[in-house]
Amino acid sequence: MEKGQTLNEFASRIDHRYRTKDMSRLTAIYGRMVYRGQFRPEDTQRITELWKNLVKQIRA
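Per an unreviewed UniProt entry, the protein chain goes by the name DUF4129 domain-containing protein and belongs to Tigheibacillus halophilus.

In structure tokens, the structure reads:
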């Protein structure tokens with residue numbers, strides 16, 4: 001992450017680099033949880049799925 005870069009900007013850069021939207025989706029869930037205090041039960045599974053997808057993309 002670059003100095004002065006927002007989390008959304010970082011997510012966009014990662015998505016562009018790996019040709020995905022998973023980092024932006026993960027960041028959106030994070031933002032909803034942290035800044036709005038909203039957590040849905042299905043978020044746990046979705047977070048895990050998105051994270052695994054990102055790891056696979058990075059390792060490929």
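S.K.: Please explain the overall build of the protein chain as it appears in this structure.
M.R.: For the protein chain, the helix and strand inventory stands at three helices and zero strands. Each helix and strand of the protein chain, ordered N terminal to C terminal, gives the series α-α-α. For the protein chain, the spread of C-alpha atoms along the three principal axes comes to 30 × 30 × 15 Å. Residues counted as buried form 28% of the 60 residues belonging to the protein chain. The long-range fraction of contacts in the protein chain, counting pairs at least 24 apart against all pairs at least 6 apart in sequence, stands at 29%.

S.K.: Just checking my understanding: could you explain the confidence of the model for the protein chain for this structure?
M.R.: Taken residue by residue, the protein chain gives an average pLDDT of 92. The fraction at 70 or more is 100%. Per-element mean pLDDT across the protein chain ranges from 93 in helix α3 (residues 42-59) up to 95 in helix α1 (residues 7-18).

S.K.: Can you walk me through the side chain of aspartate 22 in this structure?
M.R.: Within the secondary structure, aspartate 22 is located in helix α2 (residues 22-36). Of the residues examined, aspartate 22 reaches a relative accessible area of 9% and is grouped as buried. Those residues within four positions of aspartate 22 in sequence are excluded, and the remaining contacts are Asp15, Leu50, Asn53 and Leu54.

S.K.: In this structure, what is going on with unusual backbone geometry? I would like to understand it.
M.R.: Residues apart from glycine generally show negative phi values, whereas peptide bonds are mostly found in trans. For arginine 19, which is not a glycine, the phi torsion comes out positive at approximately 50°. Secondary-structure assignment places arginine 19 in the loop between α1 and α2.

S.K.: I would appreciate a short explanation of a nonpolar patch on the surface in the present structure.
M.R.: On the surface, Met1, Leu7, Tyr30, Val34 and Tyr35 cluster together to form a nonpolar patch covering roughly 560 Å² of accessible area. Element by element, the count of residues in the nonpolar patch is highest for α2, at three residues. Inspection of the secondary structure puts tyrosine 35 in helix α2. Residue class for tyrosine 35 comes out exposed when judged on its relative accessible area of 67%.

S.K.: I'm lost on the nonpolar core in this one. Help?
M.R.: Note on soluble globular proteins: their nonpolar side chains tend to be buried together. One finds Phe10, Ala11, Ile14, Tyr18, Met23, Leu26, Ile29, Leu50 and Leu54 forming the largest nonpolar core, which totals nine residues. Listed by contribution, the elements that provide at least two residues to this core are α1, α2 and α3. With four residues, the single largest contributor to this core is α1. Ignoring anything within four residues of it in the chain, the contact list for alanine 11 reads Met23, Ser24 and Thr27.

Scoring rules and cut-offs
Residues numbered from 1 in each chain as written. Predicted model: local features only at pLDDT ≥ 70, side-chain atom pairs only at ≥ 80, totals over all residues. Heavy atoms only, no water. Helix = DSSP H or I, 4+ residues; strand = E, 2+ residues; numbered from the N terminus. Buried < 20%, exposed > 50% of the residue type's maximum accessible area, 1.4 Å probe, protein only. Contact = heavy atoms within 4.5 Å. pLDDT = per-residue confidence, 0-100. Patch = residues over 30% accessible without salt bridge, like charges linked within 9 Å, V, L, I, M, F, W, Y side chains within 5 Å. Areas by Shrake-Rupley, 256 points an atom, 1.4 Å probe, with all protein chains shown as cover. Salt bridge = Lys/Arg side-chain N within 4 Å of Asp/Glu carboxyl O. Core = buried A, V, L, I, M, F, W, Y, C linked by side-chain atoms within 4.5 Å.

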